[in-house]
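The chain contents come next:
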Amino acid sequence: MTLTDFGVYVHFPYCRQRCSYCDFAVAVHPQIPHEEYLQSLLHELAAKADLFAGRRAVSVYFGGGTPSLWQPDCLDAALSQIVSVFPSPDGVSPEVTLECDPGDVSTAQLQAWQRAGVTRLSIGAQSFSPTQLVSLRRQHQPQHIVELVDRARQAGFARISLDLLVGMPGQTLPELSDDLRKLLSLRPEHVSLYQLTVEPHTLLSVQIRRGQQRPPCPELQADAYDLVRATLADAGFRHYEISNFARMQPGDPDLRAVHNRLYWTHGEYPGLGVSAHSFRRLPDGTAERFANQRGPSSYLRTWHKPSPQPFALQPDDPSLSLYELRDRESLWKEALWLALRELDGVRYDQFVALHDRDPRVLCAETLSSLTSRGLIDADEAGLRLSSHGVLFADEVGAAFL
């Protein structure tokens, strides 16, 4: 991917119930304001389109929250307007991903998403253990995962990604092996792996403080990560990013996630909806990163009417929860850190061409230290995380920032 690649992220914040580990910007409402949220999102899109004038989208990603709860006609209307404002490059079919939860999806919804243009489903399986699903406060059972994948295949979806949580309190390696066996039996094209982390102010953090749950064990999490890597490799999956695996078998196209790769390669993207983050480059080589308000009510108040003029991005704008102006120095360091998330790593010639900076010159001491510790592999062409270094990716990234 290159710096010219561009995608659009849409955040749908509503959920039926908050999971025990969740600290995302979600809202649990008995009545979801489907049409009101659509109109607000379209007003935001119209106001901010000029910030990304002339961009052409290779990806649209609906995340959340639980975007599969959004009425299909509303999702269809949002997607239609997005691809109208940001059409794809000639000869490119955009990847349109929709996150969905098992147990909440009907055949009619799947067919409606197909007609709307959704090409990829990201299914929040998380676990195939009934006990773990209850502990996580998920709203599905293992059979719902199987049923959703079967119905999605029948509806014509050829790209399915399954999310899997590892390192959960009480999870054993044999239980994880059983999860992987059941996951692979569904033949997904892609797998996203997440280590369970305990975030402040979540139900899980409260349960751990009260002694109702055990905290995740770092040693067991490392063993679990190694088990997943080995099992998926044996099943024909390529570990292409720290947390992501794409099936790579004879005849397969490139099944890596287009949208997530935008983040790791410093592609641009506007974020639409509650709490959504955006990133755009400026002509002088700097860049801006900004995020919307986290509360659905405040977001709906901000965008309930069309804006009379294009959005003027200001650091103190009350509709934003974050604004950062990134200078050239911080951008190339961030780009190096993000690029190392992909297991292919960094090619020096490409990095110099994109950023006009040579890590071998500017980071010689850091590279020497990380290499001597066995955390990265470096040669004349580039550098990448070692098999051991993947376990310490955050530490490696911090060394360059």
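This text goes with the structure placed above it.
Thresholds, definitions, all that
- Residues numbered from 1 in each chain as written.
- Predicted model: local features only at pLDDT ≥ 70, side-chain atom pairs only at ≥ 80, totals over all residues.
- Heavy atoms only, no water.
- Helix = DSSP H or I, 4+ residues; strand = E, 2+ residues; numbered from the N terminus.
- Buried < 20%, exposed > 50% of the residue type's maximum accessible area, 1.4 Å probe, protein only.
- Contact = heavy atoms within 4.5 Å.
- Areas by Shrake-Rupley, 256 points an atom, 1.4 Å probe, with all protein chains shown as cover.
- Lys, Arg positive; Asp, Glu negative; His and termini not counted.
- Charge placed at Lys NZ, Arg CZ, Asp CG, Glu CD.
- Phe/Tyr/Trp six-rings, centres within 6.5 Å; stacked < 30°, edge-to-face > 60°.
- Lys NZ or Arg CZ within 6 Å of the ring centre and 35° of its normal.
- Pairing = 2+ DSSP bridges.
- Polar contact = N/O pair within 3.5 Å; in protein donor to acceptor, adjacent residues only side chain to side chain.
- Expected span 1.5 Å × (residues − 1).
- Axes fitted to C-alpha atoms, helices over the stretch in contact; angles between N-to-C directions.

## Details of the overall build of the chain
Of the regular secondary structure elements, the chain holds 15 helices and 17 strands. Taking the principal axes of the C-alpha coordinates as reference, the chain spans close to 60 × 55 × 50 Å. For the chain, buried positions account for 53% of its 401 residues. For the chain, long-range pairs separated by at least 24 residues make up 70% of all intrachain contacts whose partners lie at least 6 apart in sequence. Accessible area of the chain: about 17,800 Å², with a carbon and sulfur share of 51%. Mean positive and mean negative side-chain charge positions of the chain (38 and 48 charges, respectively) differ by 3 Å.

## A short note on the packing of aromatic side chains
Taken as a whole, this structure holds 13 aromatic pairs when the rule is applied. On the basis of an interplanar angle of 25° and a centroid distance of 6.1 Å, the ring pair of Y9 and Y61 is categorised as stacked. Taken together, the residues Y9 in strand β1 (residues 7-12) and Y61 in strand β4 (residues 59-64) connect sequence positions 52 residues apart. Given a relative accessible area of 14%, Y9 falls into the buried group. Centre to centre, the rings of Y263 and Y269 are 4.8 Å apart; their planes meet at 75°, and the pair counts as edge-to-face. Since its relative accessible area comes to 9%, Y269 is described here as buried. Aromatic rings pair up to connect F12, Y14, Y37, W70 and Y299 into one cluster. Over the face of the ring belonging to F311 we find K48, whose NZ or CZ atom lies 4.9 Å from the ring centre.

## Let's talk about the sheet that holds strand β16 (residues 376-378)
One open sheet accounts for 3 strands, arranged β15-β17-β16; its pairing is antiparallel. Each edge of the open sheet carries a strand with a single partner, namely β15 (346-347) and β16. Pairing analysis gives 3 bridges linking β16 to strand β17 (residues 382-385), with the strands arranged antiparallel. Within β17, the residue paired with I376 across the bridge is L385.

## Details of the side chain of R229
Here R229 lies in helix α8 (residues 218-234). According to the relative accessible area criterion, R229 is buried, its value standing at 15%. Reaching out from R229, the side chain makes a polar contact with the backbone oxygen of S387 at a distance of 3.3 Å. Beyond its immediate stretch of four places on either side in the chain, R229 contacts H239, F245, S387, V390 and L391.

## So, helix α11 (residues 328-339)
The α-helix advances 3.6 residues per turn, and as a result positions three or four apart in sequence lie on the same side. Its 12 residues give α11 an end-to-end C-alpha distance of 16 Å, which sits within 8% of 16 Å, the value for a rise of 1.5 Å per residue. Where α11 is concerned, the buried positions are S330, L331, W332, E334, A335, L336, L338 and A339. Where α11 begins, the side chain of D327 points an oxygen toward the backbone nitrogen of E329, at a separation of 3.2 Å.

## Some thoughts on the sheet that holds strand β5 (residues 95-100)
Within the open sheet, the 9 strands sit side by side as β9-β10-β8-β7-β6-β5-β4-β1-β11. Their pairing is mixed. The strands lining the two open edges of the sheet, one partner per strand, are β9 (237-241) and β11 (271-273). Here the average twist between neighbouring strands, direction ignored, is 20°. Where β5 lies against strand β6 (residues 120-126), 4 bridges are found, and the strand directions are parallel. What sits directly across from L98, in β6, is L121.

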